[in-house]
Amino acid sequence: AILLFPGSILHFFPSKKRLPPPRDTEAPPAAAAISAHLDHLRPPRPSPAAARSSSLPTGGDGMDCPKRSASAVLPEDSLVEILARVPARSVYRSKCVAKAWRDLIEDPLLRKKLPQTLQGFFFIDKETHRQRVRFTNLLDRSGPLQIDHNLAFLKESPGIGTLDFSDSCNGLLLFEHKLKAWPYDLLGYVVCNPTTKQWAEVPRDGPPLPLYLRHPKRYNYLVFDPSVSSHFHLVQFTWEFVRLVKFEEELVVGHDDDDEEEEEGDEEEELSRTSVHVYSSETGKWTHTQSDWSQIQSGWNKHDLEGWRLQGLIPESFCCAVLNSMLHFIISDEGQIAAVDMQGVTRKIIPVPTMAERLHWLEPGYVAQSQGRLHYISQAVDGRLSIWVLEGYDTQEWVLKHSVSFTELFREKRRTGDTKDYSVVAMHPDGNVVFIVQDWNRKLISYHMDNKLVSIMGTLKNDASDVHVVPYVPCFSESPALENKH
Amino acid sequence: MAATPADASSSSSEAVVGGEKSNKMITLISSDGESFEATEEAAKMSVTIKHMIEDGCADDGIPLPNVPAKILSMVIEYCNKHAADADDTNKHVADPADADEDDDNNNNNASAGEKEDLKSFDASLVAVDQATLFDIILAANFLSIKGLLDLACQKVADDIKDKSVEEVREIFKIENDFTKEEEEAVRKENAWAFNE
């Protein structure tokens, strides 16, 4: 029979250059498969040896190429199409099915089609003048890593000065871009993809601030979801404060250089506010939501979603979870999580779990997205680690997923009293695993909640407080939003 | 300009003029010798068949030695149902470099009600046993019908995503060629993906 396969299959899967084209030897299995449901016609299950011989890649001796027969009932291409549609957890579990499946899933050329998961961690020095970047790989025992592990593609580009890490999201990294040397004036921002080696410059929002003026504090977040759009958003919160001084019966904004002219007893008020600025790579523009100073309130009515900004509260730490295309971060020490959309609008305020017990916690906790749900990880003063999951996003119902004492977790006695001696740096986006840096020996470990397994991932060169530990999920698709490519 | 119906004498001509589609029927012959008729428009949802028609090989019916009658009738049902929005879909199927799946769903031609109708049709088409589902995938692969391939692969994906490793082996008829130690090592490496 004339087979019409070859051309059509190659049309669909252009990346499959490395896979052998369907050969005559595959025809019998396919034809047999069609009638495979008729038991008496079913071919005997191929033994691994037989399977190997019938699907040897045209590379000849098979020593260089993996020997595969990933399925007797479907062509490999179709199997890849199926695996591309299951969640990452299912794909990686399926590595255990057979050697052929493991090889298929680990094949560097096919991996791009499959769902991505946590690949490893970037370690990025916080110190502006040091700028070291390292990468530690969690997956894949073999094969070259496509990810540029020290961001050479970016750092070696002409015109790139100092890069201060801000945030990462779904395969992209965000940096504040500054002058190469002191005083490190802010030039703008850089968004890059270490996997595709693309990057883009984002202009600064407004003119540069003179050095002598107090710099507003900036909190930069990146929102990017390649399954929704190839464009990204920068959501920036800037914290400013003013002194209002009494001048002719009115409170007016005092200037910094008015310091010396203050007289004792002058009425004044210090107010702070947090404004939000959003950059869209699609429009190439910044938009602002700035509140009038007169709107500033002294207390925060939790029902007023934007109230936290008007009170000058700020995101409490670097950690931020992206869920449903919204940023989730903890606000100041209020024990509240703000859910902010890509336009910078606060859509929800979610109180952290069991507010009553917060007295025993070291704040702030850690928020993470894992397996499609928001998680909150708290550390008690006695070192106990608790992981909560938001089961009902709308009902705001937290459920305690797991709790473990210090000694159970680390298998050693605690050296400090009640000071924080370890830091949660990530939760696996697709599994019940928490990554922790042990302050006493700078080791990065993974803790698996379900089987309580602890593995050592590596050792930091400096203290945990000196380095950003950035979990990284690669993004293989090239984005038109990142116009520069190495 | 006068609208010209498909010229019967040039049987493999494409009678597409400014949106007009030919009503010419194409005969498709299953592996077990059964003949099925489909409109050229529906048949062309298969890129394989489309090329055959364009190359003039379709005159005496197209033999499909890898597709049994039961499956072929389902495939034709799919093509008939989806041929209405084939305008946009075909363009994308013909251009394999364009992998934008969003456009497949971007039916400017179908109203919301029609879309719902299509969705439930699709769902019932693939609500079949595993073996038939695999057969549909094989046929859609062979015939290059992207929409049907996507649909069937997604269904299998949904079916297996929560299955255990052993259950997956049974479904795909795979023998476990790991030693106990090897399997344990892979399991440990990917512990995050397991619940135990």
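Residues numbered from 1 in each chain as written. Chains lettered and ligands numbered in written order. Predicted model: local features only at pLDDT ≥ 70, side-chain atom pairs only at ≥ 80, totals over all residues. Heavy atoms only, no water.

Engineer: I would appreciate a short explanation of the overall build of chain A in the present structure.
Structural biologist: Along the backbone of chain A there are 10 helices and 25 strands. Here chain A, with 486 residues, has 52% of them falling under the buried criterion. Sequence-distant contacts in chain A: of pairs separated by 6 or more residues, those separated by 24 or more amount to 52%. A total accessible area of about 22600 Å² is found for chain A, and carbon and sulfur atoms account for 52% of it. (Helix = DSSP H or I, 4+ residues; strand = E, 2+ residues; numbered from the N terminus. Buried < 20%, exposed > 50% of the residue type's maximum accessible area, 1.4 Å probe, protein only. Contact = heavy atoms within 4.5 Å. Areas by Shrake-Rupley, 256 points an atom, 1.4 Å probe, with all protein chains shown as cover.)

Engineer: What's the story with the pattern of salt bridges in this structure? I'm lost.
Structural biologist: Side-chain pairing between opposite charges can occur once the charged atoms of the two side chains come close. Enumeration according to the criterion identifies 25 salt bridges over all chains in this entry. When the shortest N-O distance is used, the salt bridge between Glu81 of chain A and Lys113 of chain A registers 2.5 Å. Residue Glu81 of chain A is found in helix α4 (residues 76-83), and its partner Lys113 of chain A is found in the loop between α7 (108-111) and β1 (120-125); the two are separated by 32 residues along the sequence. It is possible to trace a salt-bridge network through shared partners that takes in Glu81, Arg85 and Lys113 of chain A together with Lys146 and Asp150 of chain B. (Salt bridge = Lys/Arg side-chain N within 4 Å of Asp/Glu carboxyl O.)

Engineer: I tried to follow the packing of helix α3 (residues 69-82) of chain B against helix α7 (residues 130-143) of chain B on my own but got confused; where do I start?
Structural biologist: Residue and element names in this part refer to chain B. α7 packs onto α3 with a crossing angle of 65° between their chain directions and a minimal axis gap of 10 Å. Considering their axes alone, α3 and α7 lie roughly perpendicular with respect to each other. The chirality of how α3 crosses α7 is right-handed. Between α3, through Lys70, Ile71, Met74 and Val75, and α7, the contact on the second element is made entirely by Thr132, Asp135, Ile136, Ala139 and Leu143. Each residue belonging to the contact of α3 with α7 can be placed in one class, and the counts come to 6 nonpolar, 1 polar and 2 charged. (Axes fitted to C-alpha atoms, helices over the stretch in contact; angles between N-to-C directions. Parallel < 35°, antiparallel > 145°, perpendicular 65-115°, else oblique. Left-handed = near helix turned anticlockwise from the far one by under 90°. Nonpolar A, V, L, I, M, F, W, Y, C, P; charged D, E, K, R; others polar.)

Engineer: What is the right way to read the UniProt feature "domain: SKP1 component dimerisation" (unreviewed entry) in chain B from this model?
Structural biologist: Here the UniProt-annotated "domain: SKP1 component dimerisation" (unreviewed entry) positions come out as residues 146-193 of chain B. Counting secondary structure, residues 146-193 of chain B comes out at 69% helix and 0% strand; the distance between its end C-alpha atoms is 30 Å. (UniProt positions renumbered as here; feature names shortened; annotations may be inferred.)

Engineer: What should I look at first to understand the domain arrangement of chain A in this one?
Structural biologist: Residue and element names in this part refer to chain A. The domain architecture assigned to chain A consists of domain 1 (76-112) and domain 2 (120-208 + 215-242 + 270-291 + 304-485). Centre-to-centre, using C-alpha coordinates, domain 1 lies 29 Å away from domain 2. Counting from both sides, the interface comprises 9 residues of domain 1 and, opposite them, 11 residues of domain 2. Carbon and sulfur atoms make up 46% of the area that domain 1 and domain 2 hide from each other, which totals about 840 Å². Broken down residue by residue, the surface that domain 1 buries against domain 2 is led by Arg89, Arg111 and Lys112, which jointly contribute 55%. At the junction of domain 1 with domain 2, the criterion picks out 0 salt bridges. At the boundary of domain 1 with domain 2, the tally comes to 1 residue pair in polar contact (both at pLDDT 80 or more). In terms of residue class, the side of domain 1 that touches domain 2 is made up of 2 nonpolar, no polar and 7 charged. (Domains from an automatic or database assignment. Buried area = accessible area lost by both parts, 1.4 Å probe. Polar contact = N/O pair within 3.5 Å; in protein donor to acceptor, adjacent residues only side chain to side chain.)

Engineer: Looking at this structure, how should I read the pairing of strand β19 (residues 397-404) of chain A?
Structural biologist: Two faces make up the sheet, and in a regular strand the side chains alternate between them. All names here are of chain A. With 7 bridges joining them, strand β18 (residues 385-392) and β19 adopt antiparallel strand pairing. Across the sheet, residue Leu390 finds its bridge partner in β19, namely Trp398. Taking the residues between adjacent antiparallel strands as the criterion, β18 and β19 are bridged by 4 residues, where Gln396 takes a positive phi near 55°. (Pairing = 2+ DSSP bridges.)

Engineer: What is the right way to read the sheet that holds strand β15 (residues 346-351) of chain A from this model?
Structural biologist: Either a parallel or an antiparallel arrangement is found when strands of a sheet pair, and the pairing is made through backbone hydrogen bonds. Residue and element names in this part refer to chain A. Read from one edge of the open sheet, 4 strands run β12-β13-β14-β15, paired in antiparallel fashion. Of all strands in the sheet, those with a lone pairing partner are β12 (321-323) and β15, marking the two edges. For this sheet, the mean inter-axis angle between neighbouring strands, taken without regard to orientation, is 30°. Where strand β14 (residues 336-340) and β15 come together, 5 bridges link them in antiparallel fashion.

Engineer: Can you help me understand the environment of Glu363 of chain A in this one?
Structural biologist: With respect to the helices, strands and loops of the structure, Glu363 of chain A is situated in strand β16 (residues 361-370). Sequence separation between Glu363 of chain A and Val80 of chain A is 283 residues, and the spatial gap between their C-alpha atoms is 44 Å.

Engineer: I tried to follow the confidence of the model for chain B on my own but got confused; where do I start?
Structural biologist: Low pLDDT marks stretches whose predicted atomic positions should not be read closely. Residue and element names in this part refer to chain B. On average, residues of chain B carry a pLDDT of 80, and 75% of them reach 70 or more. Helix α5 (residues 102-105) is the least confidently modelled element of chain B, averaging 48 in pLDDT, while helix α8 (residues 146-160) averages 95, the highest of any element. The low-confidence segment residues 1-19 (pLDDT under 50) makes 20 contacts with residues lying over four places distant or belonging to another chain. Across residues 101-105 the pLDDT falls below 50, and counting only partners more than four positions away or on other chains, this stretch makes 8 contacts in the model. (pLDDT = per-residue confidence, 0-100.)

Engineer: Which parts of the structure should I look at to understand helix α6 (residues 99-106) of chain A?
Structural biologist: Quick reminder: α-helices carry 3.6 residues per turn. Residues three or four places apart thus point the same way. Counting buried positions along α6 of chain A gives 7 out of 8 residues, so the element sits mostly inside the fold. Restricting attention to buried positions, one finds in α6 of chain A the residues Ala100, Trp101, Arg102, Asp103, Leu104, Ile105 and Glu106 of chain A. Residues of α6 of chain A that are buried sit in contact with α4, α5 (88-93) and α7 of chain A together with α9 (165-172) and α10 (180-189) of chain B.

Engineer: What exactly am I supposed to notice about the state of the cysteines here?
Structural biologist: Working definition: the covalent bond between the sulfur atoms of two cysteines is a disulfide. Residues and elements named next belong to chain B. Applying the stated criterion to the full structure yields 0 disulfides over all chains. For Cys79, which is in no disulfide, the shortest distance to another cysteine sulfur is to Cys153 and amounts to 15 Å. On the accessibility criterion, Cys153 (0% relative accessible area) is buried. (Disulfide = S-S within 2.5 Å.)

Engineer: I'm lost on the packing of aromatic side chains in this one. Help?
Structural biologist: The geometry of two aromatic rings is summed up by the distance between their centres and the angle between their planes. Residue and element names in this part refer to chain A. Taken as a whole, this structure holds 22 aromatic pairs over all chains when the rule is applied. Here Phe406 and Phe410 contribute two aromatic rings whose centre-to-centre distance is 4.7 Å and whose plane-to-plane angle is 45°, an arrangement assigned as tilted. With a gap of 4 residues between them, Phe406 and Phe410 both fall in helix α10 (residues 406-410), about one helical turn apart. Among the aromatic residues, ring-to-ring pairing joins Tyr189, Phe232, Tyr279 and Trp286 into one connected group. (Phe/Tyr/Trp six-rings, centres within 6.5 Å; stacked < 30°, edge-to-face > 60°.)

Engineer: Teacher, can you tell me more about the environment of Arg273 of chain A here?
Structural biologist: Residues and elements named next belong to chain A. Tracing the backbone shows Arg273 in strand β10 (residues 268-280). Classification of Arg273 as buried rests on a relative accessible area of 8%. As for Arg273 and Gln438, which are separated by 165 residues in sequence, their C-alpha atoms are 36 Å apart.

Engineer: Looking at this model, I keep getting lost on the UniProt feature "domain: SKP1 component POZ" (unreviewed entry) in chain B. Mind explaining?
Structural biologist: Mapped onto the present numbering, the UniProt feature "domain: SKP1 component POZ" (unreviewed entry) falls at residues 24-83 of chain B. With 43% helix and 20% strand, the stretch residues 24-83 of chain B has end C-alpha atoms that lie 14 Å from each other.

Engineer: Sorry, what's going on with the sheet that holds strand β23 (residues 454-459) of chain A here?
Structural biologist: Residues and elements named next belong to chain A. Sheet architecture is open: 4 strands sit in the order β20-β21-β22-β23, paired in antiparallel fashion. If you trace the sheet from one side to the other, it starts and ends with β20 (422-427) and β23, each paired once. When strand polarity is set aside, the average angle formed by the axes of neighbouring strands in this sheet is 25°. Examined bridge by bridge, strand β21 (residues 433-438) and strand β22 (residues 443-448) share 6 bridges and lie antiparallel to one another. Considered in β22, the bridge of Phe435 is made with Ser446.

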